[in-house]
Amino acid sequence: MDPTPIKTISDLIDQLKKDSSGFEGPIWYRGQANHAWNLEPRYMRIKERPPETYFINKFKQDASIILGHQPKSEFDWLFLMQHYGVATRLLDWSESPLVALFFALGNSDVDGSLWVLYPTNLNKMSNYEPEFTHEIPSFEDVYLENYKPSTIVGEKKSNLLPMAAIAPRNSSRMQAQQGVFTISHRNNIFINEAGPEGVKKNHAWRYMIPKECKDQFMQELRLLGYNRFQLFPELESIADSL
């Protein structure tokens, strides 16, 4: 199905109300500045990629002396690496459609995308059985053990589907952006295509953000108080605004 174009925030609200009518679970959002991009983590885009543990070990080598505290787990290291732009199997999502929309406006030369995800439906594809209907596992859940870098590098045969999971929001940026994650396993399976072959996919879709509407969207977001400093509450954002 061709993605529905949306031209104003009012359009977005109306379309979300229509398309998610009757769904009572959590909904996540991701904005991508280029409509041609797939839903794939940065690490998965590397054609001849080394084991993820290579990036972790190289990052640890020099980051350890700078950090005031050491991350407690492999996933904590991945979150930190993701924060600073290192390629990982994580893909950032937000619980706010307006936060996601901000990231879809980055390049005014091309159309953007606003992806919508039902994380619990995605996890059903991986046969995850929660304690209650709308539960999303944390990265401390035993089910996510199979997604640890050390587990993947230690055995070569398993091939699991991407999963949605939540993590402690231990940075001001992650809290401001209402951040959540999907994590891929060994193979590059696009999030929107995850699931058994021939089974109807009902966990993800996207809207198109026309390039000619991006400036208007940005103006509307500013009116609603969404700007770079709000989403990146750091000194660099203040400098950028000045």
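Report on the accompanying structure. Note that this is a predicted model, so its numbers are computed, not measured.

So, how was this worked out
Along every chain, residues carry numbers that run from 1 in the direction the sequence is written. Reporting of local features is limited, given that this is a predicted model, to residues whose pLDDT is at least 70; pairs of side-chain atoms are given and counted only at 80 or more, and all residues count toward the totals for whole chains, interfaces and linings. For the side-chain quantities, the full set of heavy atoms in the structure was used; hydrogens and water were omitted. Elements are defined by DSSP. Helices are runs of H or I of four residues or more, strands are runs of E of two residues or more, and each kind is numbered from the N terminus. Our radius of gyration is a C-alpha quantity, and the globule rule it is checked against amounts to 2.2 Å times the number of residues to the power 0.38. Three exposure classes are used, based on accessible area relative to the maximum for each residue type with a 1.4 Å probe and protein chains only: buried under 20%, partly exposed in between, and exposed over 50%. Each accessible area is a Shrake-Rupley estimate made with a 1.4 Å probe; only the visible protein chains count as cover when residues are assessed. Positive charge is attributed to Lys and Arg, negative charge to Asp and Glu, and no charge count is given to His or to the chain ends. For this purpose, a charge sits on NZ of Lys, CZ of Arg, CG of Asp or CD of Glu. A pair is scored as a salt bridge if a Lys or Arg side-chain nitrogen falls within 4 Å of a carboxyl oxygen belonging to Asp or Glu. Note on definitions: a residue-residue contact is assigned when non-hydrogen atoms from the two residues lie within 4.5 Å. Nonpolar cores were defined as sets of buried Ala, Val, Leu, Ile, Met, Phe, Trp, Tyr and Cys residues, with membership established by side-chain atoms within 4.5 Å. Any two strands between which DSSP finds at least two bridges are classified as paired.

1. Looking at the overall build of the chain
Assigned secondary structure in the chain consists of 10 helices and seven strands. Here the C-alpha atoms of the chain give a radius of gyration of 18 Å, agreeing with the 18 Å that 2.2 N^0.38 yields for 242 residues. Principal-axis analysis of the C-alpha atoms places the extent of the chain at approximately 50 × 50 × 35 Å. Scored against the burial criterion, the 242 residues of the chain give a buried share of 45%. Carbon and sulfur atoms provide 51% of the accessible area of the chain, an area that totals close to 13400 Å². Distance between charge centres in the chain, computed from 26 positive and 30 negative side chains, equals 4 Å.

2. Structural notes on helix α4 (residues 97-104)
The buried fraction of α4 amounts to six of the eight residues, a majority that puts the element mostly inside the structure. Within the sequence span of α4, burial applies to Leu98, Val99, Ala100, Leu101, Phe102 and Ala104.

3. With respect to the pattern of salt bridges
Overall, the coordinates contain five salt bridges when judged by the stated rule. Between Arg186 and Glu155 there is a salt bridge, and its shortest N-O distance comes to 3.4 Å. On the criterion of sequence distance, the pair formed by Arg186 in the loop between β6 (179-183) and β7 (204-209) and Glu155 in the loop between α6 (149-154) and β5 (163-165) is long-range, its members being 31 residues apart. Classification of Glu155 as partly exposed rests on a relative accessible area of 26%. A salt bridge links Arg173 to Glu234, with the shortest nitrogen-to-oxygen separation between them at 2.9 Å.

4. Some details on the side chain of Thr120
In this structure, Thr120 sits in helix α5 (residues 119-125). Classification of Thr120 as buried rests on a relative accessible area of 7%. Apart from residues lying up to four places away in sequence, Thr120 is in contact with Phe23, Pro26, Thr133, His134, Glu135 and Ile136.

5. Quick look at the nonpolar core
Across soluble globular proteins, nonpolar side chains have a tendency to be buried as a group. By size, the foremost hydrophobic cluster in this structure holds 26 residues, and its most contacted members are Leu101, Tyr207, Ile209, Phe217 and Leu221. In terms of residues, this core owes the most to one element, α4, which gives six residues. Residues Phe75, Trp77, Phe79 and Ile183 belong to the second largest nonpolar core, which totals 20 residues.

6. Section: the pairing of β7
Sheet topology places strand β1 (residues 4-5) next to β7; two bridges connect them, and they run parallel. Bridged to Pro5 within β7 is Met208. Both strand β4 (residues 112-117) and β7 contribute to a ladder of six bridges, which runs antiparallel. Within β7, the position partnered with Trp115 by the bridge is Arg206.

7. Looking at the side chain of Asn121
Mapped onto the secondary structure, Asn121 falls in helix α5. The buried category is assigned to Asn121, whose relative accessible area is 11%. Ignoring sequence-local partners within four residues, the contact set of Asn121 consists of Phe23, Asn202 and His203.

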